[in-house]
Amino acid sequence: MNRCILHIDLDAFFVSVEQALAPGLRGKPVVVGGRPDRRGVVASASYEARVFGIRAGMPLSQAYRLCPQAIFLQGSFPVYRDASERFMAILADFSPCLEPGGLDEAYLDITGCEDYGTPRQLALCIKERVKNEVRLIASVGVAGCKVVAKIASDLGKPDGLVEVAAGREKEFLAPLPVINLPGVGKRTEQELKAMGIKTVGQLAALSPEAIKSRLGATGLMILHYANGIDDRQVEPTGEAKSISRETTFAEDTLDHAFLQAILRYLCERVGAELRQESKHARTITLKLRYTDFETITRRISSKEATDTDEAIFDGAVKLLNEALARKRKLVRLIGVGVSNLVDYGRQLGLLDSRPKRQAQLDKAIDRIRNKYGFTSIQTGRTLLLKDIFAIREGDFTLETPSLSR
Ligand code: TTP
Ligand code: MG
């Protein structure tokens with residue numbers, strides 16, 4: 001039986017949630033990421049803002065220069081997570097074979113669902129429900145494999161519905177620039193350009209030997225994709241593989257106490273997320289970006305997995321202190337992540353009474369924070385940040401969250 005896969009991605013997700021909450025923002029250039037006079041990057045830009053050249057990942061100051069009249073918002077991660085959960089719940093009504101790819105996108109395998117409608121009818125139905133129930137616009141790609149469905153959903157944006165019929169994949173992909181293929185980044189794009197390859201069609205015509213000698217295993221993968229071949233299954237795991245938070249400072253700093261306080265805050269954020277996912281982590285990663293944009297990551301792993309803020313911070317601060325001792329360069333960005341996740345209870349560290357007490361304390365704090373907002377409780381180590389907390393309202397996003405699944 002031919003597979004039928006949908007890729008669904010929300011349009012300008014963070015911005016659209018803001019516009020749904022405040023309809024006055026609709027139809028305007030809106031940017032979520034923070035104030036333009038602060039450091040940081042654009043997380044999401046409305047399509048009206050994109051007309052001015054504003055893109056995700058661009059420094060906010062550059063976005064401001066391109067469009068000073070744009071409305072810049074700080075954003076609020078808990079609100080986006082809530083919208084994401086409601087979005088995913090709608091998708092789950094259509095098929096149990098659902099693979100979230102982030103907060104605002106997912107693959108859905110609807111093979112064998114013909115009795116409920118054609119793929120197009122089901123896609124329209126999903127769009128309609130997302131619009132009515134979450135007040136967001138979803139773009140959908142329909143195809144026989146993941147890679148083509150993803151490219152199709154992207155191509156139709158905004159408010160897209162692009163269906164690629166079985167057998168027409170190569171024809172659909174051929175005219176597109178190679179950068180549209182997942183797995184082709186700026187560097188691969190340059191490599192291909194040096195070989196005289198600009199479009200997916202040109203790439204598809206290469207021999208496996210030719211591309212492998214230049215680009216190795218990645219080359220073979222993108223050659224398959226270019227030919228519309230992608231055997232990857234939709235994997236309804238939905239489980240987090242890593243959880244991380246990072247923040248860019250308003251001013252570069254070498255203030256150790258401040259760096260440690262921010263790190264502690266980020267560890268508490270990561271810890272809360274980890275506990276919500278009912279996971280323990282074996283690996284803790286610290287990320288630092290220096291004033292000259294040099295970026296380092298350092299990790300520490302242990303046999304015993306943990307989910308306490310204290311243990312995450314202990315590991316992260318050790319890495320931080322080592323890094324600070326090695327280089328005396330101002331720090332621009334700091335981040336912490338956990339990975340190598342295992343299910344709760346599958347490890348023995350919990351038998352130790354100290355972590356258990358901490359685990360109970362963390363859970364009590366989680367309950368209060370879920371009810372009254374994250375900054376309703378501060379631990380001794382983040383007290384230094386109280387002025388930063390005080391100037392913002394409610395539950396803000398000081399950090400860029402990332403949940404990789
Ligand atoms: P995307 O789906 O890549 O972007 P988008 O939904 O804003 O716009 P569109 O899909 O219509 O092109 O990412 C989803 C959300 O993830 C986005 O709204 C904000 C967040 N995000 C970041 O925080 N940083 C980033 O660099 C990117 C690309 C996204
Ligand atoms: Mg999106």
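All residue numbers here refer to positions counted from 1 along the written sequence of the relevant chain. Note on labels: chains are lettered from A, ligands numbered from 1, in written order. With the structure being a predicted model, the display of local features is reserved for residues of pLDDT at least 70 and the display and counting of side-chain atom pairs for 80 or more, all residues being used for whole-chain, interface and lining totals. No hydrogens and no water enter the side-chain calculation; it runs on all heavy atoms of the structure.

## Considerations on the domain arrangement of the chain
Reports of interface size often rely on the accessible area that becomes lost once the parts have come together. Note the cut-off: Domain borders in the structure are assigned automatically or taken from a domain database.
Examined at the domain level, the chain breaks down into domain 1 (1–164), domain 2 (170–226) and domain 3 (242–404). Measuring from the centre of the C-alpha atoms in domain 1 to the corresponding centre in domain 3 gives 28 Å.

## Topic: the pattern of salt bridges
How we decide: The salt bridge definition used is simple: a Lys or Arg side-chain nitrogen within 4 Å of an Asp or Glu carboxyl oxygen. We count a stretch as a helix when DSSP gives it H or I for four or more residues in a row; a strand needs E for two or more, and each element gets its number in order from the N terminus. Think of it in three bands: residues with accessible area under 20% of the maximum for their type are buried, residues over 50% are exposed, and the middle band is partly exposed, with areas taken using a 1.4 Å probe on protein chains only.
Counted according to the given criterion, the structure contains 27 salt bridges. Close ionic contact of Lys 146 with Glu 99 constitutes a salt bridge, the shortest N to O distance being 2.9 Å. Residue Lys 146 is found in helix α6 (residues 146–155), and its partner Glu 99 is found in strand β5 (residues 98–100); the two are separated by 47 residues along the sequence. With respect to burial, Lys 146 and Glu 99 carry one shared label: buried. In this structure, Glu 322 engages Lys 318 in a salt bridge whose closest nitrogen and oxygen atoms are separated by 3.9 Å. One end of the pair, Glu 322, and the other, Lys 318, are both in helix α12 (residues 309–326), four residues apart, so they sit about a helical turn from each other.

## Details of helix α1 (residues 13–21)
It helps to recall that an α-helix has 3.6 residues per turn; residues three or four apart then point in one direction. Among the nine residues in α1, eight count as buried, and that is most of the element. Residues Phe 13, Phe 14, Val 15, Ser 16, Val 17, Glu 18, Gln 19 and Ala 20 constitute the buried set of α1.

## What to know about the coordination of the magnesium ion (ligand 2)
Geometry reference: four tetrahedral donors at a metal, ideal angle 109.5 degrees. Six octahedral donors, ideal angles 90 or 180 degrees. Our working rule: Metal coordination here is assigned from N, O and S atoms located within 2.8 Å of the ion, or within 3.2 Å for Na, K and Ca; omission of water means that sites may look incomplete. Here a site with four donors is tetrahedral if all angles are between 85 and 135 degrees, and a site with four or six donors is square planar or octahedral if opposite donors are over 155 degrees apart and the other angles are between 65 and 115; anything else gets the irregular label.
In this structure, Asp 9 (OD), Leu 10 (O) and Asp 104 (OD) serve as the protein donors to the magnesium ion (ligand 2), at separations of 2.1 to 2.3 Å. Around the magnesium ion (ligand 2), the six donor atoms sit at angles spanning 78 to 178°, and that spread fits a shape best called octahedral. Every donor residue of the magnesium ion (ligand 2) comes from the same chain, spaced as D-L-x93-D. Of this pair, Leu 10 sits in strand β1 (residues 5–10) while Asp 104 sits in the loop between β5 and β6 (105–109), and the two are 94 residues apart along the sequence. Residue classification places Leu 10 among the buried positions, given a relative accessible area of 1%.

## A look at the packing of helix α11 (residues 256–276) against α12
Keep this limit in mind: Fitted lines through C-alpha atoms give the axes, limited to the stretch in contact for helices. The angle between two N-to-C directions lies from 0 to 180 degrees. Put simply, a crossing is left-handed when the front helix is turned counterclockwise from the back one by less than a right angle, and right-handed when it is turned clockwise. Two residues qualify as a contact provided that any one of their heavy atoms is within 4.5 Å of a heavy atom in the partner residue. Residue polarity is assigned by list, with Asp, Glu, Lys and Arg as charged and Ala, Val, Leu, Ile, Met, Phe, Trp, Tyr, Cys and Pro as nonpolar; anything else, Gly included, falls into the polar class.
Two elements in contact, α11 and α12, have axes separated by 9 Å at closest approach and are oriented at 145°. Considering the relative orientation of α11 and α12, their crossing is right-handed. Contacts between α11 and α12 involve His 256, Leu 259, Gln 260, Leu 263, Arg 264, Cys 267, Glu 268, Gly 271, Ala 272, Leu 274 and Arg 275 from the first element and Asp 309, Glu 310, Ile 312, Phe 313, Ala 316, Val 317, Leu 320, Asn 321 and Leu 324 from the second. The class makeup of the residues in the contact of α11 with α12 is eleven nonpolar, four polar and five charged.

## Some details on unusual backbone geometry
Lys 157 connects to Pro 158 through a cis peptide bond whose omega is -10°. Looking at the secondary structure, you find Pro 158 in the loop between α6 and β8 (161–163). Despite not being glycine, Ala 12 shows a phi value in the positive range, around 35°. Positionally, Ala 12 belongs in the loop between β1 and α1. Classification of Ala 12 as buried rests on a relative accessible area of 7%. With a phi close to 55°, Asp 159 is a non-glycine residue in the positive phi region.

## What to know about the side chain of Lys 146
A relative accessible area of 5% means that Lys 146 is categorised as buried. Ignoring sequence-local partners within four residues, the contact set of Lys 146 consists of Ile 5, Glu 99, Tyr 107, Asp 230, Arg 232, Gln 233, Val 234 and Glu 235.

## Section: the sheet that holds β5
Pairing between the strands of a sheet is mediated by backbone hydrogen bonds and can be parallel or antiparallel. Heads up, the condition is: Two strands pair if DSSP finds at least two bridges between them.
Within the open sheet, the five strands sit side by side as β5-β6-β1-β7-β8. Their pairing is mixed. Because the sheet does not close on itself, it has two edges, and the strands there are β5 and β8. For this sheet, the mean inter-axis angle between neighbouring strands, taken without regard to orientation, is 15°. Bridge analysis of β1 against strand β7 (residues 138–143) gives six bridges, and the strand direction is antiparallel. Note on β7: the bridge partner recorded for Ile 8 is Val 140.

## Looking at the site of ligand 1
We count it as follows: One heavy atom within 4 Å of a molecule or strand is enough for the residue carrying it to be called near that molecule or strand. For the purposes of these results, a polar contact is taken to be a pair of N or O atoms within 3.5 Å, where, inside protein, one atom must be able to donate a hydrogen and its partner to accept one; residues adjacent in sequence count only when each atom of the pair is a side-chain atom. Note on areas: Shrake-Rupley, 1.4 Å probe, and residue coverage restricted to the protein chains presented here.
The full set close to ligand 1 counts 13 residues, and Ala 12, Phe 13, Ser 44, Tyr 47 and Arg 50 are the nearest of them. In the model, an oxygen atom of ligand 1 is placed 2.8 Å from a nitrogen or oxygen of the Arg 50 side chain. In the complex, the protein chains occlude 68% of the 550 Å² of accessible area that ligand 1 would expose alone. Residue assignment for the shell around ligand 1 shows that the elements contributing at least two residues are β1, α1 and α2 (47–50). Taken together, the residues of the shell around ligand 1 sort by class into seven nonpolar, one polar and five charged.

## A few points about the state of the cysteines
Note the threshold: A pair of sulfur atoms, both from cysteines and within 2.5 Å, is called a disulfide here.
Here the structure, examined in full by the defined rule, presents zero disulfides. Among the cysteines around Cys 97, which has no disulfide bond, Cys 113 carries the closest sulfur, lying 9.5 Å off. You can see Cys 125 has no disulfide; the closest cysteine sulfur is in Cys 113, sitting 12 Å from it. Residue Cys 125 is classed as partly exposed on the basis of its relative accessible area, which comes to 36%.

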